[in-house]
Amino acid sequence: MNAPQLNSFVSHRLFEGSTGLYVERNPYRRPLWQQTADDLDFSRALGESEQLCYSALVAHRILLTIYETNSVLLPAQGLGTLKRDYDEFYAPAWRTMGASLRPMLERHVFGFLADAITVSGHWTRDALRAYFDRAIEDGNAAPNEVAQAIEATQHPDVAADSFLIQLALDGLTEASAMSRTLGGAYGPEQSELFKIFIDEFGYGVHEAKHSRLFENLLKSRGMLTDVHSYWSFYLTGPTAVNNYFYYVVENGHFFRYVGAVTFIESIFAKGFADTARTLQRVFGSAVDTRYCDEHAHIDKHHGRMTFEHLLLPLADKHGDEIIPELVRGLEEVRLLLRLADDDLIAQLRWADQAAAHPHAARAGLAGTNVTLARGAPFATRTFDEDRLLVMNQGELDLVISGTGSPLRVRAGEAALIARQRLHGLQAATESCTFSLESTAELRQ
Ligand SMILES: [Fe+2]
Ligand SMILES: [Fe+2]
């Protein structure tokens, strides 16, 4: 059973579909597919193999919204007509409702981590150091499968943009979760973390702030630069990684946060050097990679700073008892990063293949017809099993990527929507009628 407040929360107008594919210049609107939350069961912890299911996507979208009601988001053009959205996004009653739903949603999507990862035995500082050294070495030695997948698609430009969209999850609000670990009093380690934080903020120079460098990267691609313009195109796995950092800090798991942030700061330098190379190969010199170049440089330092001046001194000061939490943070984020990469690679491959062809529909299918009108509110979703989209009347655009061409499906044609793949539907004629057949039924 879902908490009754869940439906009131997601039926808020800020979750209504957008007028186009993107949520333009409005950080408060977060489209969900026709407020489907009432059909989903968030009351149990999903297993590791279920982390990309539809209810996980919806839970992560709601969670990100709940977390961000604690951040200050203002549109670049000024509030103007968005004052009402702003007031409602930050309304105390709505935030309180969100806060009360948070534990259930977090358990739904992060509860599996307790079973998936075991950190047992007695840990010493030396064992901690060796463990992190090894994990970081492995992380930096692994081939960059996302970069490889981007370059292997038929449309690497669309694939690279899809990757940038995932980076935009936190690229445009960078270090917001970190900012919540800076208050309080915890000695020299607090100041060490603050040094990293001010680098992320460009030392107070807005043009050097990492989120600003990311805006310039998007701009060089002709992409939208406002926070969550691409809300509908964030995949489940990458959203989980983004949400994880909020999850640990909001729940007082500071040592897990330190383990996780040490690991990612230590593998980002190499990851962003790879990303810069891939972007340059795909787009040539027109792409502004300073965001990646900055991370390829500064995260060499951030990796060392988090490890030598934050993680190890905390272990020295607070004792071996906290080490399992530091290790758990590393392992949890490593697992979520792997799921995120798998999700993105699967999406890139599916979109690449789906773009190639709709095919003739088999006669005699008897699914429920759905009618969609041109200009209907837009949102995206996934299905937990393969679905065949069968067009009966009119034409429809199956939206399979954030910036690429949609797949036009005409009456008499069908297209496969693979399980867990993010997609949206837009009528390409005044109205169109289609059905979504479960492929399990088709086989019978
Ligand atoms: Fe950064
Ligand atoms: Fe960094």
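What comes next concerns the included structure. Every chain is numbered independently, its residues counted from 1 as its sequence is written. Throughout, the order in which chains and ligands are written sets their labels, letters from A for the former and numbers from 1 for the latter. A pLDDT threshold of at least 70 governs which residues receive local features in this predicted model, and a stricter bar of 80 or more applies before side-chain atom pairs are shown or counted, although totals over entire chains, interfaces and linings include all residues. Only hydrogens and water are removed before side-chain values are computed, so all heavy atoms of the structure are retained for them.

Before going further, it helps to spend a moment on the pattern of salt bridges. A carboxyl oxygen of Asp or Glu within 4 Å of a side-chain nitrogen of Lys or Arg is what we treat as a salt bridge. Summed over the entire model, instances satisfying the criterion amount to 33 salt bridges. In this structure, Glu68 and Arg30 form a salt bridge, with 2.7 Å as the shortest nitrogen-oxygen distance. Of this pair, Glu68 sits in helix 2 (residues 54-68) while Arg30 sits in the loop between helix 1 (4-10) and helix 2; the two residues are 38 residues apart in sequence, bridging distant segments of the chain. For the pair Glu68 and Arg30, a shared accessibility class is recorded, and that class is buried. Two residues, Asp138 and Arg134, come together in a salt bridge whose shortest N-O distance is 3.5 Å. Separated by 4 residues within a single helix, Asp138 and Arg134 lie in helix 6 (residues 125-141), roughly one turn from each other. We classify Asp138 as partly exposed; its relative accessible area is 35%. Under the DSSP-based scheme used, a helix requires at least four consecutive residues in state H or I and a strand at least two consecutive residues in state E, with every element numbered from the N terminus. To sort residues, take the accessible area from a 1.4 Å probe on protein chains only and compare it with the maximum for the residue type: under 20% means buried, over 50% means exposed, and anything in between is partly exposed.

Next up on the list: the coordination of the iron ion (ligand 1). With distances of 1.8 to 2.2 Å, the protein atoms coordinating the iron ion (ligand 1) are Glu174 (OE), Glu200 (OE), His210 (ND1) and His295 (NE2). Given 4 donor atoms and angles of 83 to 167° at the metal, the environment of the iron ion (ligand 1) is assigned as irregular. A 2.8 Å cut-off from the metal defines N, O and S donors, relaxed to 3.2 Å for Na, K and Ca; water is not in the atom list, so some sites may appear incomplete. In the primary sequence, the donor residues of the iron ion (ligand 1) line up as E-x25-E-x9-H-x84-H. In this structure the iron ion (ligand 2) is found 4.1 Å away from the iron ion (ligand 1), and Glu200 serves as a bridging donor for the pair. In this pair, Glu200 sits in helix 10 (residues 188-200) while His295 sits in helix 14 (residues 290-318), placing the two residues 95 residues apart along the sequence. Each of the two residues, Glu200 as well as His295, counts as buried. Metal sites are grouped by the angles between bound donors: all angles between 85 and 135 degrees with four donors is tetrahedral, opposite donors over 155 degrees apart with the others between 65 and 115 is square planar for four donors and octahedral for six, and any other pattern is irregular.

The subject of this paragraph is the packing of helix 8 (residues 156-171) against helix 13 (residues 254-283). Here, axes are lines fitted to C-alpha atoms. For helices the fit covers the stretch in contact, and angles between N-to-C directions go from 0 to 180 degrees. Running from amino to carboxyl end, helix 8 crosses helix 13 at an angle of 145°, the nearest separation of the two axes being 10 Å. For helix 8 against helix 13, the interelement crossing comes out left-handed. Contacts from Pro156, Asp157, Ala160, Asp161, Phe163, Leu164 and Leu167 of helix 8 reach helix 13 at Phe272, Thr275, Leu279, Val282 and Phe283. Crossing handedness is defined as follows: a turn of the near helix away from the far one that is anticlockwise and smaller than a right angle gives a left-handed crossing, while the clockwise case is right-handed. The contact rule is simple, with two residues in contact once any of their heavy atoms fall within 4.5 Å.

The iron ion (ligand 2) binds to the protein through Glu200 (OE), Glu265 (OE), Asp299 (OD) and His302 (ND1), with metal-donor distances spanning 2.2 to 2.4 Å. Bound by 4 donor atoms, the iron ion (ligand 2) shows angles of 74 to 158° at the metal and therefore irregular coordination geometry. Read in sequence order, the donor residues coordinating the iron ion (ligand 2) give the pattern E-x64-E-x33-D-x2-H.

Quick look at helix 12 (residues 236-250) now. Along its 15 residues, helix 12 runs 20 Å from first to last C-alpha, staying within 8% of the 21 Å computed at 1.5 Å per residue. We define the bend at each residue as the angle formed by axes fitted to the 7 residues ending at it and the 7 residues starting at it. Maximal helix bending in helix 12 amounts to about 30°, located at Asn243. For helix 12, the tally of buried residues reaches 14 of 15 residues, placing the bulk of the element in the interior. One or two positions beyond helix 12, positive phi appears at Gly252, with a value near 75°. To estimate how far a helix should extend, the number of its residues minus one is multiplied by 1.5 Å.

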